[in-house]
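Survey of secondary and tertiary structure
Listed below, chain by chain, are the residues.
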Amino acid sequence: MNAADARRAATEAGIGESMHRLAEELYPICRSITGDGLRQTLRRVGEEVPLEIREIPTGTRVFDWTIPREWNISDAYVADASGRRVIDFRSSNLHVVNYSVPVHTRVTLEELRSRLTAVPERPDWIPYRTSYYREDWGFCLSQAALDRLEDGEYEVCIDSTLTDGSLSYGEVFLPGETQDEVLISTHACHPSLCNDNLSGVAVATFLARTIASLPRRLSYRFVFVPGTIGAIAWLHANQATVSRIKHGLVLACVGDPGRVTYKRSRKGDAEIDRAVAHVLRESGDDYELLDFSPLGYDERQYGSPGFDLPVGCFMRTPPGRFPEYHTSADDLDLVTAGSLADSLGKLLATLSVVDGNGVYVNLNPLCEPQLGRRALLRAAGGRKEARASEEALLWVLNLSDSRHTLLDIAERSGLEFGSIRAAADTLIEHDLLQAAE
Ligand code: ZN
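Residues numbered from 1 in each chain as written. Predicted model: local features only at pLDDT ≥ 70, side-chain atom pairs only at ≥ 80, totals over all residues. Heavy atoms only, no water.

1. Here's the deal with the nonpolar core
Note the threshold: To define a nonpolar core, start from buried Ala, Val, Leu, Ile, Met, Phe, Trp, Tyr and Cys residues and group those joined through side-chain atoms within 4.5 Å. Accessible area is worked out with a 1.4 Å probe on protein chains only. A residue is then buried under 20% of its type maximum, exposed over 50%, and partly exposed in between. Comment: elements are numbered from the N terminus, with helices defined as DSSP H or I runs of at least four residues and strands as E runs of at least two. Bear in mind that the domain bounds are from an automatic or database domain assignment. Contacts are assigned to residue pairs that have any heavy atoms within 4.5 Å of one another.
Counting residues in each nonpolar core, the largest one holds 77 residues, and the members touching the most others are Leu207, Ile211, Tyr220, Phe222, Phe224, Leu251 and Leu351. Per-element tally for this core: the top contributor is helix H6 (residues 194-212), with 10 residues. Three or more residues apiece are contributed to this core by two domains, here domain 1 (3-67 + 166-356) and domain 3 (359-435). With residues up to four places along the chain from it excluded, the contact list for Leu251 reads Ile184, Ser185, Thr186, Gly200, Val203, Ala204, Leu207, Phe314 and Leu347. Counting 62 residues, the second largest nonpolar core, distinct from the first, contains Cys140, Leu193, Cys253 and Tyr302.

2. Quick word on the sheet that holds strand S9 (residues 153-163)
Selection criterion: In short, DSSP must find at least two bridges between two strands for them to pair. Angles run from 0 to 180 degrees between N-to-C directions of axes, and those axes are lines fitted to C-alpha atoms, restricted for helices to the stretch in contact.
The strand order S5-S4-S9-S6 describes an open sheet built from 4 strands, whose pairing is antiparallel. Each end of this open sheet is capped by a strand with a single partner; those strands are strand S5 (85-88) and strand S6 (103-108). Along the sheet, successive strands turn relative to each other by an average axial angle of 20°, direction set aside. As judged from the 3 bridges shared by strand S4 (residues 70-79) and S5, these two strands associate in the antiparallel manner. Residue Tyr77 lies in a different strand from S5, and its bridge partner there is Asp88.

3. Comments concerning unusual backbone geometry
Positive phi outside glycine occurs at Tyr99, with the angle close to 80°. You can see Tyr99 is positioned in the loop between S5 and S6.

4. As for the pattern of salt bridges
Rule in force here: Salt-bridge detection follows one rule: a side-chain nitrogen of Lys or Arg within 4 Å of a carboxyl oxygen of Asp or Glu.
Applying the stated criterion across every chain, the model contains 35 salt bridges. The salt bridge involving Arg8 is made with Asp5; its shortest N-O contact spans 3.3 Å. Of the two residues, Arg8 and Asp5 are both situated in helix H1 (residues 3-10); the distance of 3 residues between them amounts to about one turn of the helix. By relative accessible area, which is 55% here, Arg8 ends up exposed. Residue classification places Asp5 among the buried residues on the basis of a relative accessible area of 14%. Across the salt bridge formed by Asp88 and Arg90, the nearest N and O atoms sit 3.5 Å from each other. Under the relative-accessibility criterion, Asp88 is labelled buried at 15%. Within the structure, one salt-bridge network assembled from shared partners comprises Glu25, Arg44, Glu47, Glu48 and Arg209.

5. Observations regarding the coordination of the zinc ion
Definition in use: Only nitrogen, oxygen and sulfur atoms within 2.8 Å of the metal, or 3.2 Å for Na, K and Ca, are treated as donors, and water is left out, so sites may look incomplete.
Within the protein, the zinc ion binds to His190 (NE2), Asp196 (OD) and His326 (NE2); these donor distances fall in the range 2.0 to 2.1 Å. Considered as a linear motif, the donors of the zinc ion on their single chain read H-x5-D-x129-H. Of this pair, His190 sits in the loop between strand S11 (181-187) and H6 while His326 sits in the loop between strand S16 (311-315) and helix H10 (337-356), and the two are 136 residues apart along the sequence.

6. Let's talk about the domain arrangement of the protein chain
How big an interface is tends to be expressed through the accessible area that disappears when the partners come together. To keep things clear, this is the line we draw: Buried area adds together the accessible area that both of two parts lose upon being put together, with accessible area traced by a 1.4 Å probe. N or O atoms closer than or at 3.5 Å make up a polar contact, with two conditions inside protein: a donor-capable atom paired with an acceptor-capable one, and, for residues adjacent in sequence, both atoms drawn from side chains.
Along its sequence, the protein chain is organised into domain 1 (3-67 + 166-356), domain 2 (80-163) and domain 3 (359-435). Relative placement of domain 1 and domain 3: their C-alpha centres are 34 Å apart. Across the boundary between the two partners, domain 1 contributes 11 residues, which contact 11 residues of domain 3. Both faces considered, domain 1 and domain 3 share a buried interface measuring about 830 Å² in area, 54% of it formed by carbon and sulfur atoms. Summed over the three residues of domain 1 that lose the most area to domain 3, namely Arg274, His278 and Gly356, the buried surface amounts to 55% of that side. Here domain 1 and domain 3 share 3 salt bridges between them. In this structure, Arg274 engages Glu411 in a salt bridge whose closest nitrogen and oxygen atoms are separated by 2.8 Å. At the junction of domain 1 with domain 3, the criterion picks out 4 residue pairs in polar contact (both at pLDDT 80 or more). For the side of domain 1 that touches domain 3, the secondary-structure elements that each account for two or more residues are H1, helix H8 (271-283) and H10. Sorting elements by how many residues they give to the side of domain 1 that touches domain 3 places H8 first, with 6 residues.

Have a look at this one:
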């Protein structure tokens, strides 16, 4: 997988729109950390890529955690005395606190209020709340709707089930020439929320689809998991083989119009951290790099001390830094086709760096080889390109002493990884370079 392949795939006409359409299709589904909404989402992803769905039974111990009972919901509402639904799950699945236990009762307005959550600062937005790992129920609504509730008695109904079942996650494995793996992980447990959830699902799906069509040195593993418990369950099931993971990225919030934000892995200077930083710097676009912290998405689990995997988190605007976060305003308008395509392009460029990286040895280390005699620069276009490619050749020749990777050379020369990789290929072709042992 080289830089040119990656660029061509990422700029395929309409690819941003295709990702947005997938998000649109998945948007209405009521997902959670378990249940049919999550399964339905995984099955839809499986129509695009060879995805296997795995089920971990309720009650299974996964490190310090236990797989919870499976949650499913068919309806929920609060109705006034006349039977009119004043809060209705059918109009937005955010209205019910996710994982609410079943309930069917009558309450006064006062009792009802203690079960309601709204955001006063954003009177038209419905917040997103969950009650994972504790038996509770509640509703979310806009402040405007809350203000409209009149005194009286209300019928409350949550038609949900909590039963022994399983937790589902999806996995796509794309074998390469080596067993060394790249892990791409995204959470797929949020209901109708777009940037925080569906953007990651859409970009991961199309990233997998694209990589499946390209020649590759590394193997690629994509996991679509419910946040936290899903990543923990996946790590528990794969303890024996996680050492194959040489590079990894968690994808989240990759569809908003903000600049790219990359949170480094726990290691801080892993190859993936350097590859992302290189691609962002070369892009010419604004971006931000953050250091690792044990907060945020599933990089917390992959980067727990017992695993310490080189997994960073690739985002645009981080959670909590956009006002729509965890509200109904994180919708299909917040996520744009252009931003999805830009994220995909930068991810493909990053993966082409780690896939193409390596250590080489100059086979003519006693002074420079005479490049002109070998017509090495023939393929280059104009004079400027010829000069750049000559520079790249000289850098690769000089630093290929079996101690520097091509990414080291790109960083030190200030040249783009793609041209360093291309120079190495040219030198290999002319028997001036070979892979280090
Ligand atoms: Zn979230």
